[in-house]
Amino acid sequence: MKLKFAFASLLVLSACGTSQEALQALDLMQFRENATVAGFSYSKLSGSGNDVKLEGVSFLSSPFMAAMMGMDAEEPEDEDLDTEAVTPVLTAGSVVLNGLTMKGGKPVVRDFVFNGITPVGDLSGATVTIGSVGIEGMDEATGAFIAGAFTEAGPSEMPAFEAWKFGKAGISNIAVKGEVESEAGLSSFDVKVGELSVSNLSDTMMGLVRIAGIAGEVNIPTEMVPISAVFDLGTLDIANLNSGLFVKPFMMGMEAAMTGGGEPDFASMYADYTSPLEAGYDRLDWSGMSVDVSGLKLNSTSISSLLTRNADGVVTASEMPLGSLRLTADSSGGMAGAMGLMVLAMAGYPSDSVEIYAGGKATFDPAKDITRYTGYNLGVTDVVDVKVDVGVVGLQAALPALMSAVTSMTSLVDDAAEPEFDEDGNPIPGDSDGMSSASTMMAMQMMMAIMPLQLTDLDVSITDETLVKLILNQQAAGSGQSLDAYRGDLVAMVQGASVFMSDAGVDPAIASELTSAAAGFLSGPGSLRLQIKPKQPFGVLSAMAAPITKDSLGFSATFTPAAAPEPTAN
């Protein structure tokens with residue numbers, strides 16, 4: 001009977017105790033009880049089997065390294081550099097290591113989380129706390145790399161990005177608060193971050209990316225423009241983010257740039273983009289933000305975007321409900337608000353706020369390569385409103401060529417913006433012939449990219465409230481004319497352009513209707529509507545093959561003046 005009891009007690013103790021593999025892994029990862037050497041020191045260990053919890057944890061470093069990291073108020077003495085003296089740099093209330101074991105003589109961990117982190121030492125008047133930092137649910141390859149990073153020898157070769165796999169990685173509840181004295185006065189800051197995390201990473205697919213709770217208050221009494229800012233950036237969730245779609249083109253572009261291999265293979269680079277509606281995620285939800293910088297306020301509504309995929313994972317539909325971003329200048333809120341209000345007034349803007357809004361739906365037919373954008377709405381409140389319905393054939397097939405053309409355009413702009421200098425530091429005059437040739441090649445490349453595209457239909461409506469007036473006011477002031485005189489000259493010029501368009505080969509019916517509608521649009525507030533409804537899909541190639549007529553193009557252009565304002569009641 002006593003033998004059975006002793007055997008049962010041994011089983012209980014072995015089940016409740018920490019495994020030898022976990023203890024060996026802890027030592028290799030430089031986690032030691034009441035340590036006096038560089039690494040991690042803990043005061044208490046608990047757990048069962050391969051699941052370990054450490055409490056009273058400190059990260060110990062040499063005085064020199066601590067000073068380099070800004071965690072020690074005093075510079076180390078020279079003799080300290082030759083000793084094994086250590087000083088705490090960070091403390092953590094606890095560290096959880098679940099699934100901690102040894103594989104092939106190296107440590108492996110499944111869950112690795114630091115809780116209650118606080119830096120130690122002089123932070124120039126600031127206090128910093130971090131709720132938790134960690135990574136959980138790692139597979140063996142990821143767990144081996146993370147655990148190896150804490151060993152004295154360092155990690156083995158980093159796994160390819162495609163091989164990384166874990167349940168959740170992130171940092172939460174960051175708080176930074178403090179005051180800094182300067183000649184202008186006392187600056188203060190109080191900033192918080194609720195969560196930065198990635199969940200369910202597998203094969204470069206991130207199940208959920210979350211950025212939440214970034215908020216705070218900053219006060220900087222500068223001599224020029226004192227800044228007082230209060231902000232809350234809300235919560236951003238991105239579901240099923242396919243990070244590989246972004247990593248692959250980036251890496252291929254970097255490789256081409258580093259090896260001097262010329263332009264990358266865009267067809268291969270964007271082979272995974274199987275739809276022109278592909279955004280790299282399935283759903284995006286942003287709660288909106290609120291920012292106030294000394295009276296200059298930026299607020300947004302909630303923003304969302306939803307993609308629908310077929311059985312092959314191809315995006316066949318997208319929807320973005322109407323959302324808006326509003327910038328308001330409030331002179332009573334501070335200097336920035338007063339300056340913003342002055343800029344708006346100088347531009348003749350009709351309000352103390354600018355609100356931009358956008359939204360719409362789209363569909364894609366992979367079999368026919370037809371993309372339709374329906375009800376797309378973009379505008380600025382009280383200024384202009386644009387609505388677009390359009391169908392495009394061949395957009396998916398043209399994507400690599402379009403991206404190549406855009407890249408060439410960017411490179412040309414970068415080259416033009418960076419002047420070259422001779423050995424004496426004098427700027428070398430630009431090669432105008434070379435730039436002209438490059439511009440011509442870029443234009444040809446863009447034309448070749450869009451040439452296969454065809455329109456099935458197009459319906460564009462532009463409603464002007466004050467946009468034309470704002471633009472023409474500036475132009476009239478520059479020419480020394482009144483607004484009415486400048487507008488009248490411009491309308492007459494547009495009306496007269498009908499003859500020149502007809503002489504250039506444009507169908508006179510199209511020229512007459514288009515210039516008449518455009519002249520009406522320039523003459524006063526109202527809506528300009530352009531429609532194309534060809535009998536067959538229309539593009540550059542079809543335009544080159546046969547003459548374009550109003551009937552074949554299904555073209556119409558109309559202008560509808562804005563309704564007269566109702567009389568004000570006495």
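Structural data are supplied above this passage.
Criteria and thresholds
Residues numbered from 1 in each chain as written. Predicted model: local features only at pLDDT ≥ 70, side-chain atom pairs only at ≥ 80, totals over all residues. Heavy atoms only, no water. Helix = DSSP H or I, 4+ residues; strand = E, 2+ residues; numbered from the N terminus. Buried < 20%, exposed > 50% of the residue type's maximum accessible area, 1.4 Å probe, protein only. Contact = heavy atoms within 4.5 Å. Areas by Shrake-Rupley, 256 points an atom, 1.4 Å probe, with all protein chains shown as cover. Expected span 1.5 Å × (residues − 1). Bend = angle between axes of the 7 residues up to and from the residue. 1 Å grid on protein atoms, 1.4 Å probe; cavity = no way out; pocket = protein on both sides within 12 Å on 5 of 7 lines; lining within 4 Å. Points joined across faces, edges and corners; volume = space filled by probe spheres on them. Nonpolar A, V, L, I, M, F, W, Y, C, P; charged D, E, K, R; others polar. Axes fitted to C-alpha atoms, helices over the stretch in contact; angles between N-to-C directions. Parallel < 35°, antiparallel > 145°, perpendicular 65-115°, else oblique. Phe/Tyr/Trp six-rings, centres within 6.5 Å; stacked < 30°, edge-to-face > 60°. Patch = residues over 30% accessible without salt bridge, like charges linked within 9 Å, V, L, I, M, F, W, Y side chains within 5 Å. Salt bridge = Lys/Arg side-chain N within 4 Å of Asp/Glu carboxyl O.

Engineer: How do you make sense of the overall build of the protein when you look at a structure like this?
Structural biologist: Check the secondary structure of the protein and you find 14 helices and 27 strands. Put simply, the protein has 570 residues, and 34% of those count as buried. Long-range contacts, defined here as pairs at least 24 residues apart, represent 62% of the contacts in the protein between residues at least 6 apart. About 31,800 Å² of surface is accessible on the protein, with carbon and sulfur atoms providing 61% of the total.

Engineer: Hey, could you run me through helix α11 (residues 483-503) in this one?
Structural biologist: Every α-helix winds through 3.6 residues per turn, so residues three or four apart in the chain are directed the same way. For α11, which comprises 21 residues, the first-to-last C-alpha distance of 31 Å matches the rise-based estimate of 30 Å (1.5 Å per residue) to within 8%. The largest bend along α11 reaches roughly 25° and is located at Ala-497. Looking at α11, one finds that the buried residues are Leu-483, Tyr-486, Arg-487, Leu-490, Val-491, Val-494 and Ser-498. Turning to α11, the residues buried within the fold contact α10 (467-479) and α12 (508-523). Downstream of α11 by a residue or two, Gly-505 has a phi angle that is positive, lying close to 105°.

Engineer: Explanation requested: helix α4 (residues 140-148) in the structure shown.
Structural biologist: Every buried residue of α4 is listed here: Thr-142, Gly-143, Phe-145, Ile-146, Ala-147 and Gly-148. Lining the buried residues of α4 we find β7 (106-108), β8 (111-119), β9 (126-136) and β10 (165-182).

Engineer: I keep staring at the layout of surface pockets and nothing clicks. Help me out?
Structural biologist: Any space left empty among the atoms is revealed by the rolling of a water-sized probe across them. For the second largest pocket, the calculated volume is near 260 Å³. Put simply, the parts of the chain that give the lining of the second largest pocket at least two residues each are β4 (51-61), β5 (87-98), β8 and β9. Of the residues contributing to the lining of the second largest pocket, the split by class is 12 nonpolar, 4 polar and no charged.

Engineer: Would you mind showing me how to read the packing of α11 against α12 here?
Structural biologist: Between two packed helices, the angle of one axis relative to the other and the distance separating the axes together describe the packing. Orientation of α11 relative to α12, taken along the N-to-C sense of each, is 170°, at an axis distance of 8 Å. One finds that α11 runs roughly antiparallel with respect to α12. Residues Arg-487, Leu-490, Val-491, Val-494, Gln-495, Ala-497, Ser-498, Met-501 and Ser-502 of α11 lie in contact with α12, whose contacting residues are Pro-508, Ala-511, Ser-512, Leu-514, Thr-515, Ala-518, Ala-519, Leu-522 and Ser-523. Across the contact of α11 with α12, the residue classes tally to 11 nonpolar, 6 polar and 1 charged.

Engineer: Explain the packing of aromatic side chains here, please?
Structural biologist: Aromatic ring pairs are described here by two measures, namely the spacing of the ring centres and the angle between the planes. One pass over the full model with this rule turns up 12 aromatic pairs. Consider the rings of Phe-31 and Phe-150, whose centres lie 6.3 Å apart with planes at 40°: the pair is tilted. One end of the pair, Phe-31, is in strand β1 (residues 31-33); the other, Phe-150, is in the loop between α4 and β10, with 119 residues separating them in the sequence. Judged by relative accessible area, Phe-150 falls into the partly exposed class, the value being 23%.

Engineer: Help me out: how do you make sense of a nonpolar patch on the surface in this one?
Structural biologist: Taken together, the side chains of Met-335, Met-339, Met-342 and Met-346 make up a nonpolar region of the molecular surface, amounting to roughly 440 Å² of accessible area. You can see Met-339 is positioned in helix α7 (residues 335-346). Residue Met-339 is classed as partly exposed on the basis of its relative accessible area of 41%.

Engineer: What exactly am I supposed to notice about the side chain of Ser-187 here?
Structural biologist: The topology assignment puts Ser-187 in strand β11 (residues 185-202). Apart from residues no more than four positions distant in its own chain, Ser-187 is found in contact with Gly-178, Glu-179, Val-180, Asn-219, Ile-220 and Pro-221.

Everything listed here is a matter of coordinates, which is why it stays silent on function.
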